[in-house]
Number of protein chains: 2
Amino acid sequence: MQELIPPARLLLGPGPSNAPYRVLRAMSTPVIGHLDPKFMEIMDEVCQLLRQTFRTQNQMTFPVSGTGSAGMEAALVNLLEPGDVAVIGVNGVFGARMCDVAERCGARVVKVEAEWGRIIEPERIIEAVRQNPGARLCALVHGETSTGILQPLEEVGAFLKDGDTLFLADAVTSLGGAPLEVDAWGIDACYSGTQKCLCVPPGLAPISFSPKAMAAIAKRKSKVQSWYLDVTMLQKYWSAGEGQRLYHHTAPISMIYALREGLRIIQEEGLSHRWERHAAAAGHLYQGLREMGFELWSQEGYRLPPLTAAKPPQGWDVEGIRKQLLGDYDIEVGGGLGPAAGKIWRIGLMGENACVQKVAVLLRALQDFA
Amino acid sequence: MQELIPPARLLLGPGPSNAPYRVLRAMSTPVIGHLDPKFMEIMDEVCQLLRQTFRTQNQMTFPVSGTGSAGMEAALVNLLEPGDVAVIGVNGVFGARMCDVAERCGARVVKVEAEWGRIIEPERIIEAVRQNPGARLCALVHGETSTGILQPLEEVGAFLKDGDTLFLADAVTSLGGAPLEVDAWGIDACYSGTQKCLCVPPGLAPISFSPKAMAAIAKRKSKVQSWYLDVTMLQKYWSAGEGQRLYHHTAPISMIYALREGLRIIQEEGLSHRWERHAAAAGHLYQGLREMGFELWSQEGYRLPPLTAAKPPQGWDVEGIRKQLLGDYDIEVGGGLGPAAGKIWRIGLMGENACVQKVAVLLRALQDFA
């Protein structure tokens, strides 16, 4: 079998995004042990950097040893027990996925649905929680990767803050690329993935649990159904004091090296500057796409800067041109999912790709099809 | 925060082992998308290399997107349903862990226990299955990392071959370092980790399911309780024909690059040569340790070549010297777990570390404490 020589792609799809050289270099640093005191320092650094990025003081903030969907599952299996009621917003693939995972936890799911490409009105979510007063959980997707929608969270968070219902947010495509304030918005559990705006290869799911969430987990009647994702055990490895850490499973060392470097880059840039840079790059893209006859597909005023859903001009071979972009130009953009399949593209400007240079490359390539 | 500069450790513990430069370099290859046709070729190559390494024709052979314990969980959540009976051998940490995971699946666990550091006699396992005729599963740890025992599997596999009970083997520490014949031994599900004898950083769990196991999974009455690890969905991504693959979750691209290179190195060396090399290195270690007054702790005739459990000479500060080896010599060896805590060391000679050079380094360093 030949040496690994994949093509050099410009990743402007829904993720993964291109990882900077610094991240790839850190990832390839020789491995040390998962119980090495030096590795424990690195773990503490990563947790601290994650807290800064999630904008939280939550002690239990760490990377789950799996991709973003493992983060979703980690949140739901820990927060839900059989018979619990979960109010879940569904306006795309990832809200629907949360329902599937929650049902596998034995929860009764109350869906609050909205059209794909539109937000779910906060008052409808609040109303659903009001009608299910014992609900254990209210879950929303902050950045819906399937539709390019940025769901407002503040109003729902403020409403839930004083009750017993926990507030869960999926920030896979928003963390590091759009404003997210875990503490200020009253979010009790929030997960993400490394391969979007953090610019780290896929493989880890940063997650954060509030003290309120951890207290609820401590009072569970049943064991968490996943051993691998059980935070009551994981906290003894990730969050115990010096000399107190207990082995749970072998942490993915190299991925954690990579995450540390990705987060260090974010810290150097500054989170608010990074949010602005993503918004500015998205603005350039919107303008260029409109000029070429693209229609911005997702609801105005609620567009997710790192991911733009756009409908190519009438007469374009939507899927054919997307394949040509990949094959001839080495540019990846994503196709539509579900009801949007074959109708839209999903264009990602995430992390280091959120810049006018990458927008220019894409727009110029598209001109060849106009 | 400073640049990442971990110490350069010689990893002679229970894993992770040192990854060769070729693997680290492959891992740091720029990322491509998880739905890129070129990535799908890489996936097929990795699955094919895994089949060769597991010695199986099983179509459903792929790397789970998590560490070895995720492989254990993937096997158990797919094979077990609430109310199923699972006969599980327990003579160390990982057998006990399988029981915990199986119980979280709602299974009734029948334990077949043996003293730590000894095998479980195959006839006792067979007897337990006989006494539980409807048992869904019989599970054994092939290489028990907590004790350095290599459990014989052939007799049990031959017994189970014609019945309905599925045979599961944990090969986390044996795959690529000790003889393992998934098909010839009648194993229906087998998982491993990348960070032991495959010499790839931790982060993936290679797994293989036989057609008999896949048929049993297809007949499940309930959904697999883990969405993330549900092979009925994962097979549509990993094992579908060209143009038929369905997105499930974003695969950990860089880890898969690394695994491909680790497996390519194994293919170049040849699996049986690699098994012999591990056995020869272990033999050198046994001799050197005995000469220094160490006692080989695990049952003679059933020692796991990649991992040697040894009791330091009388009067040695078992944990203190282990810490000094790490701090002063940059050599990691593992401590004992459970009943062996503070009493033994676990010395790993895995993958590229299974050679006389590494044995010599360790033995010479130990002389300084004699």
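Residues numbered from 1 in each chain as written. Chains lettered and ligands numbered in written order. Predicted model: local features only at pLDDT ≥ 70, side-chain atom pairs only at ≥ 80, totals over all residues.

A. Quick peek at the nonpolar core. Within the largest apolar cluster, 248 residues are counted, with the highest numbers of intra-cluster contacts made by A:L79 and B:L79. In this structure A:L79 touches A:R136, A:L137, A:L166, A:L168, A:A189, A:A213, A:A216 and A:I217, once residues within four positions along its chain are discounted. (Core = buried A, V, L, I, M, F, W, Y, C linked by C-beta atoms within 7 Å. Buried ≥ 20, exposed ≤ 12 C-beta atoms within 10 Å, placed from the backbone. Contact = placed C-beta atoms within 7 Å.)

B. Broad picture of the relation of the copies chain A and chain B. For the pair chain A and chain B, the best superposition has an RMSD of 0.0 Å and corresponds to a rotation of 180° with a translation of 0.0 Å parallel to the axis. The two molecules are tied by a two-fold rotation axis, judged by turn and shift. Among all C-alpha atoms of chain A, that of A:G66 lies closest to the rotation axis, at 2.6 Å. By residue overlap, the copies meet face to face through one surface: 100% of the interface positions of chain A are interface positions in chain B. (Least-squares fit on C-alpha atoms with pLDDT ≥ 70 in both.)

C. Local environment of the pairing of strand 5 (residues 137–141) of chain A. Residue and element names in this part refer to chain A. Of all the five residues making up strand 5, five are buried; the element is thus mostly covered by neighbouring parts of the structure. In strand 5, alternate side chains face the same way, and those of L137, A139 and V141 on one face and C138 and L140 on the other are all buried. The pairing of strand 3 (residues 85–90) with strand 5 spans three bridges and is classified as parallel. Counterpart to V87 in the pairing with strand 5 is C138. (Helix = DSSP H or I, 4+ residues; strand = E, 2+ residues; numbered from the N terminus. Pairing = 2+ DSSP bridges.)

D. Quick peek at the packing of helix 3 (residues 68–79) of chain A against helix 4 (residues 93–104) of chain A. Residue and element names in this part refer to chain A. Remark: helix 3 packs on helix 4, axes separated minimally by 9 Å, with the N-to-C direction vectors making an angle of 45°. By the criterion of interaxial angle, the relationship of helix 3 to helix 4 is oblique. In this structure, helix 3 crosses over helix 4, and the sense of that crossing is right-handed. Each of M72, E73 and L76 in helix 3 lies in contact with helix 4, whose residues at this interface are R97, M98, V101 and A102. For the contact of helix 3 with helix 4, a count of residues per class yields five nonpolar, no polar and two charged. (Axes fitted to C-alpha atoms, helices over the stretch in contact; angles between N-to-C directions. Parallel < 35°, antiparallel > 145°, perpendicular 65-115°, else oblique. Left-handed = near helix turned anticlockwise from the far one by under 90°. Nonpolar A, V, L, I, M, F, W, Y, C, P; charged D, E, K, R; others polar.)

E. Quick look at the interface of chain A and chain B. With 59 residues of chain A in contact, the opposing surface of chain B contributes 59 residues. Among the secondary structure elements, those contributing two or more residues to the side of chain A that touches chain B are helix 1 (21–27), helix 2 (37–54), helix 3, helix 4 and helix 9 (253–269) of chain A. Among the elements that line the side of chain A that touches chain B, the one with the most residues is helix 9 of chain A, at eight residues. Residues that form the side of chain A that touches chain B fall into these classes: 26 nonpolar, 20 polar and 13 charged.

F. Geometry of the packing of helix 10 (residues 271–291) of chain B against helix 12 (residues 356–367) of chain B. Residues and elements named next belong to chain B. Running from N to C, helix 10 and helix 12 cross one another at 20°; their axes reach a closest spacing of 9 Å. Comparing the axis directions of helix 10 and helix 12 gives the class roughly parallel. Crossing hand, helix 10 versus helix 12: right-handed. Here A281, H284, L285 and G288 of helix 10 come into contact with helix 12, specifically with V356, V359 and L363. Taken together, the residues that form the contact of helix 10 with helix 12 break down as five nonpolar, two polar and no charged.

G. Quick look at helix 3 (residues 68–79) of chain B. All names here are of chain B. Given a rise of 1.5 Å per residue, 12 residues ought to cover 16 Å, and the 17 Å separating the end C-alpha atoms of helix 3 matches this to within 8%. By the criterion of burial, helix 3 is predominantly enclosed, with 12 of the 12 residues buried. Among all positions of helix 3, only G68, S69, A70, G71, M72, E73, A74, A75, L76, V77, N78 and L79 are buried. (Expected span 1.5 Å × (residues − 1).)

H. A look at the environment of A:D188. Residues and elements named next belong to chain A. Following the sequence through the fold, D188 ends up in the loop between strand 8 (166–170) and strand 9 (189–191). Separated by 22 residues in sequence, D188 and L166 place their C-alpha atoms 5.9 Å apart. Setting aside its immediate chain neighbours within four residues, D188 contacts L166, F167, L168, S210, K212 and A213.

I. Layout of the pairing of strand 12 (residues 307–311) of chain B. Residue and element names in this part refer to chain B. Taken across its five residues, strand 12 has four buried, putting it largely inside the fold. Note that strand 11 (residues 295–296) and strand 12 share two bridges and pair antiparallel. Counted as the bridge partner of L296 is A310 from strand 12. As judged from the four bridges shared by strand 12 and strand 15 (residues 345–348), these two strands associate in the antiparallel manner. Across the sheet, the residue bridging to A310 is W345, located in strand 15.

J. Structural view of the sheet that holds strand 4 (residues 108–113) of chain A. All names here are of chain A. With respect to topology, seven strands assemble into an open sheet ordered 2-10-9-8-5-3-4, the strand pairing being mixed. Looking at the sheet topology across the chains shown, the edges are occupied by strand 2 (60–64) and strand 4. Going from strand to strand, the sheet's axes swing by 15° on average, the running direction of each strand aside. With three bridges joining them, strand 8 and strand 9 adopt parallel strand pairing. When the bridges of strand 9 are listed, D170 appears paired with Y191. On top of the sheet, helix 3 reaches strand 2, strand 5, strand 8, strand 9 and strand 10 (205–209); it is set at about 25° to strand 10, its chief contact.

By themselves these figures say nothing about function.
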